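The lines below spell out each chain.
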Amino acid sequence: MTDEYFGTPAQIAMMRRTSALWSLLKDHPDYGFYGRSVMLSDYGAGGFEAFEPLIRLSGAGVAYGVRTDAADEEKATLAGAGFHTDSYGYCHTVEPSIELAREVVGRHALPDDLTVIEIDMESPAADVSDLAEVALAGGVLPSPGHVLRGRTVDGVVLLAREVGTGRPVACAAAFDSFKRGTQRGDHAWWGMLSTVPDRRGQRIALILGAMAMLRMFEKTGLSKFFTSIRHGNASSTALCAKLGVAHTGWETIVGMDPEQFSGQLTA
Ligand SMILES: CC(C)(COP(=O)(O)OP(=O)(O)OC[C@H]1O[C@@H](n2cnc3c(N)ncnc32)[C@H](O)[C@@H]1OP(=O)(O)O)[C@@H](O)C(=O)NCCC(=O)NCCS
């Protein structure tokens, strides 16, 4: 259970390096983490100098704080240093997410054949690997087990299973990624939303996502959330908007060192 990493060999190797790097940076106010890569809170303040070491050390880094209209320029700077880049729309709570989540769970119920479990330190290894399987089925990179279990980052990780078959069908998560009192410290990262293709369109992700928000609020008091959505992901954009999480013109930039990691960090 100490070595639960999922994804391609390159993703796994990258997350092992990232996890080691986070053990050194975990008290630094400018960085955050929920398992995939170390995140720079404000590229606008730290710039390339603060971002480059993250990419060189772990193979991939994530930076926030870039205006969407400046993203191409910043990506060109990274490309000029030999890095590959990717980007997502940075989305955050713009309407009261907790109230909306309460309305969702008050108005809708999960299909009767589903049960929800919360992953914790004592969860059987099969629960964690099943969650990873569901995430990966949607192209979503699951965090390593030490994060999913709450050993290194506080959070909420939910898995929905079919009662009869035991088949895992959907997942959602939220993590307390940035230190309180820092720029993003009053927001929890939220996401890891994935529903297996044959169960989509039944409001499972909406309800599970709302449940993850409510449980996160109960555990940590955090009532605001942020996530990153690939431009053009209509289902995720619509779902997040229903929970008050929307794009406001900021970008999430990914920098990758192609000698260590390339492709997509996640869907
Ligand atoms: C995004 C995803 C998790 C949605 O799962 P789901 O269980 O089918 O979603 P829900 O049924 O709960 O949909 C909730 C809302 O999202 C919107 N939505 C869902 N699918 C949609 C689609 N294909 N197009 C547009 N809107 C859509 C609807 O507004 C829906 O609410 P409504 O039913 O009241 O109209 C699923 O499509 C998936 O696993 N995708 C691949 C992984 C992924 O992209 N994850 C998000 C990464 S940011």
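Refer to the structure printed above.
Residues numbered from 1 in each chain as written. Predicted model: local features only at pLDDT ≥ 70, side-chain atom pairs only at ≥ 80, totals over all residues.

(A) Representation of helix 5 (residues 125-137) in the model. Here helix 5 spans 18 Å end to end across 13 residues, near enough to the 18 Å set by a 1.5 Å rise per residue. Restricting attention to buried positions, one finds in helix 5 the residues Asp127, Val128, Asp130, Leu131, Ala132, Val134 and Ala135. On the buried face of helix 5, the contacting elements are strand 5 (114-118), helix 6 (145-148), strand 6 (155-162), strand 7 (168-175) and strand 8 (187-195). (Helix = DSSP H or I, 4+ residues; strand = E, 2+ residues; numbered from the N terminus. Expected span 1.5 Å × (residues − 1). Buried ≥ 20, exposed ≤ 12 C-beta atoms within 10 Å, placed from the backbone. Contact = placed C-beta atoms within 7 Å.)

(B) Spotlight on the nonpolar core. Within the largest apolar cluster, 77 residues are counted, with the highest numbers of intra-cluster contacts made by Ala174, Ala212 and Met213. Take this core: its biggest share by element is 11 residues, from helix 7 (residues 204-220). Beyond its immediate chain neighbours, meaning those up to four positions away, Ala212 contacts Val156, Leu158, Ala172, Ala173, Ala174 and Trp190. (Core = buried A, V, L, I, M, F, W, Y, C linked by C-beta atoms within 7 Å.)

(C) Geometry of unusual backbone geometry. With phi around 50°, Met192 is a residue other than glycine that occupies positive phi space. Position of Met192 relative to the elements: it lies in strand 8. With a phi angle near 65°, Arg203 is a residue other than glycine that sits in the positive phi range. Within the secondary structure, Arg203 is located in the loop between strand 8 and helix 7. By the C-beta count within 10 Å, which is 19 here, Arg203 ends up partly exposed.

Scope: geometric values only; no functional claims are made or implied.
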